[in-house]
Amino acid sequence: MASQPPLTGIKVLEFAGLAPGPFAGLMLADAGASVLRIDRAAPQPTPTEDMLTRHKASIAVDLKDPAGVSLVRALARRADVLIDPFRPGVLERLGLGPDVLCADNPRLIYGRMTGFRRDGKYAAMAGHDINYLAVSGALSLLGRAGQKPTPPYNILGDFAGGGAVLFQGVLMAVVARARTGRGQVVEANMVDGSAYLATFPRYALKTPLGDRPRGENLLDTGCPYYDTYETSDGGHMSVGALEPHFFAELARGLGLDRSWSAAGGAKRSDRARWPELRALIEAAFRTRTRAEWERVFDGTDACCTPVLGFREMEGSAAREGDQRPVVTLRDTPCLAVHQGAADVAQGQGPGVPGSGYEGASLSPGEGGEERLREWAGWARGRDYEVSNKGGLVLRDRSRL
């Protein structure tokens, strides 16, 4: 029988933000950490735009009120991790920077998430995912030949290079704390995170694998047997038949002339003939529907699979659409995402409404009283109260 999730017992204070900070908090919560989000106080609170809220609770705090700041300091004394999603200096000006909170609680892991480097040229500037990718160098790699760079939604900067990297840093700090007994400041930014993820293609720029302009290399759609192709019904198939024996399977399924895969694939490796080969592959795929091509290539080593959309995957385990935790831990699984999870690979617990396809809003204050009782044994009216601005404040400052 599986035991508790790996981060059970870890307490996380997450200041409300959007995208990377909440995603790091989500990954911690999915791994069993108790995550308490700190929202802005308002007389009539409304749900925020943040959809990355599963397994979290919230309290509303007026950080302009010294009594509200005192409450956060009191909670930080009891926390293991804090997530700061703000631009440099915001929490410091409130008296909640790492110098203060880590002195209060030497075991605290103070996680800070910024877009640009804190010590770089753009540190004081506003930006979004596309800007961080741009100055990291990663965006220059993305796009087809002769076309402008194309940002990949906000997956690479906000989430992979941002929130997931912060999560990784926090875990490393947890491991280090087990050895040293002390927490530390963890600084993540989306420029460094995205650049680090681009390590392999950056190295490849100085090798034949990637030394040509964008969109003309082996792995950036320059190669005809590493690309996507439209089918007769408007669907798409992905092709990644790089090795000769895989390409031979692809050529056989498409009905291409056998000369393309003969003698170790010398003909298909001739870049001068790539336009000809691409035209043949395009024409072949347009002769059948995506479903028909799936029946041809499923179960083969042609490295040819359908391009699936989340709308068609939702509710379909056969399409591998049952959303799962980021990684499978056989003895201490993370919490399940998909409702009706049946085995350890899908995590443990009942899952969440929406099964990973529909995010839930979290209203300021939702679930917060119970979480405060779990963390500190606090009760409303005895240990804290709600100010006329809608924020929680300590009744007794000495509890700090």
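Just so it is clear, the model here is predicted, and its values are computed rather than measured.

**Topic: the nonpolar core**
Thinking step 1. In terms of nonpolar packing, the biggest core is built from 28 residues, with L13, I59, L71 and L75 touching the most fellow members.
Thinking step 2. Counting only elements with at least two residues in this core, the list comes to strand 1 (11–15), strand 2 (34–40), strand 3 (56–61), helix 2 (66–78), helix 4 (98–104), helix 13 (368–376) and strand 11 (392–394).
Thinking step 3. Dropping the residues within four chain positions of it, L75 is found in contact with L13, L36, I59, L372, W375 and W378.
Thinking step 4. The next biggest cluster of nonpolar side chains, apart from the first, holds 25 residues, and it includes M27, F167, A173 and C334.

**Side note on a nonpolar patch on the surface**
Thinking step 1. On the surface, F200, L219 and Y226 cluster together to form a nonpolar patch covering roughly 300 Å² of accessible area.
Thinking step 2. Tracing the sequence through the fold places Y226 in strand 7 (residues 226–230).
Thinking step 3. A relative accessible area of 32% means that Y226 is categorised as partly exposed.

**Some points on the packing of aromatic side chains**
Between two aromatic rings, the relevant description is the distance of the centres plus the angle of the planes.
Thinking step 1. Tallied over the entire structure, the rule returns eleven aromatic pairs.
Thinking step 2. For R268, the ring lying beneath its charged end belongs to Y225, and the centroid distance is 4.4 Å.
Thinking step 3. Over the ring of W293 we find R288; its NZ or CZ atom is 4.8 Å from the centre of that ring.

**Looking at the layout of surface pockets**
Thinking step 1. Approximately 1,700 Å³ is the volume attributed to the largest pocket.
Thinking step 2. Surrounding the largest pocket, 46 residues form its lining, F23, L26, L52, R54 and G356 being those nearest its centre.
Thinking step 3. Elements represented by at least two residues in the lining of the largest pocket include exactly helix 1 (20–30), helix 6 (155–180) and helix 12 (310–313).
Thinking step 4. Per-element tally for the lining of the largest pocket: the top contributor is helix 6, with five residues.
Thinking step 5. Residue classes in the lining of the largest pocket are distributed as 28 nonpolar, eight polar and ten charged.
Thinking step 6. Here the lining of the largest pocket spans two domains, since at least three of its residues come from each of domain 1 (11–199 + 323–394) and domain 2 (226–315).
Thinking step 7. Here the second largest pocket defines a volume of roughly 1,300 Å³.
Thinking step 8. As for the second largest pocket, its lining consists of 44 residues, and the residues nearest its centre are A16, G17, L18, R40 and F86.
Thinking step 9. Elements that contribute at least two residues to the lining of the second largest pocket include exactly strand 2, strand 5 (109–114) and helix 5 (129–136).
Thinking step 10. It is strand 2 that provides the largest number of residues to the lining of the second largest pocket, a total of four residues.
Thinking step 11. Grouping the constituent residues of the lining of the second largest pocket by class yields 25 nonpolar, eight polar and eleven charged.

**What about the domain arrangement of the chain?**
How large an interface is tends to be reported as the accessible area lost when its parts come together.
Thinking step 1. When the domains of the chain are assigned, the result is domain 1 (11–199 + 323–394) and domain 2 (226–315).
Thinking step 2. Computed over C-alpha atoms only, the centres of domain 1 and domain 2 are separated by 41 Å.

**A closer look at the pairing of strand 3**
Thinking step 1. Most of strand 3 sits inside the fold, with six of its six residues counted as buried.
Thinking step 2. Neither face of strand 3 is left uncovered, since the one carrying K56, S58 and A60 and the one carrying A57, I59 and V61 both have all their residues buried.
Thinking step 3. Examined bridge by bridge, strand 2 and strand 3 share six bridges and lie parallel to one another. Paired with I38 across the two strands is I59, which belongs to strand 3.

What counts and what doesn't
Residues numbered from 1 in each chain as written. Predicted model: local features only at pLDDT ≥ 70, side-chain atom pairs only at ≥ 80, totals over all residues. Heavy atoms only, no water. Core = buried A, V, L, I, M, F, W, Y, C linked by side-chain atoms within 4.5 Å. Buried < 20%, exposed > 50% of the residue type's maximum accessible area, 1.4 Å probe, protein only. Helix = DSSP H or I, 4+ residues; strand = E, 2+ residues; numbered from the N terminus. Contact = heavy atoms within 4.5 Å. Patch = residues over 30% accessible without salt bridge, like charges linked within 9 Å, V, L, I, M, F, W, Y side chains within 5 Å. Areas by Shrake-Rupley, 256 points an atom, 1.4 Å probe, with all protein chains shown as cover. Salt bridge = Lys/Arg side-chain N within 4 Å of Asp/Glu carboxyl O. Phe/Tyr/Trp six-rings, centres within 6.5 Å; stacked < 30°, edge-to-face > 60°. Lys NZ or Arg CZ within 6 Å of the ring centre and 35° of its normal. 1 Å grid on protein atoms, 1.4 Å probe; cavity = no way out; pocket = protein on both sides within 12 Å on 5 of 7 lines; lining within 4 Å. Points joined across faces, edges and corners; volume = space filled by probe spheres on them. Nonpolar A, V, L, I, M, F, W, Y, C, P; charged D, E, K, R; others polar. Domains from an automatic or database assignment. Pairing = 2+ DSSP bridges.

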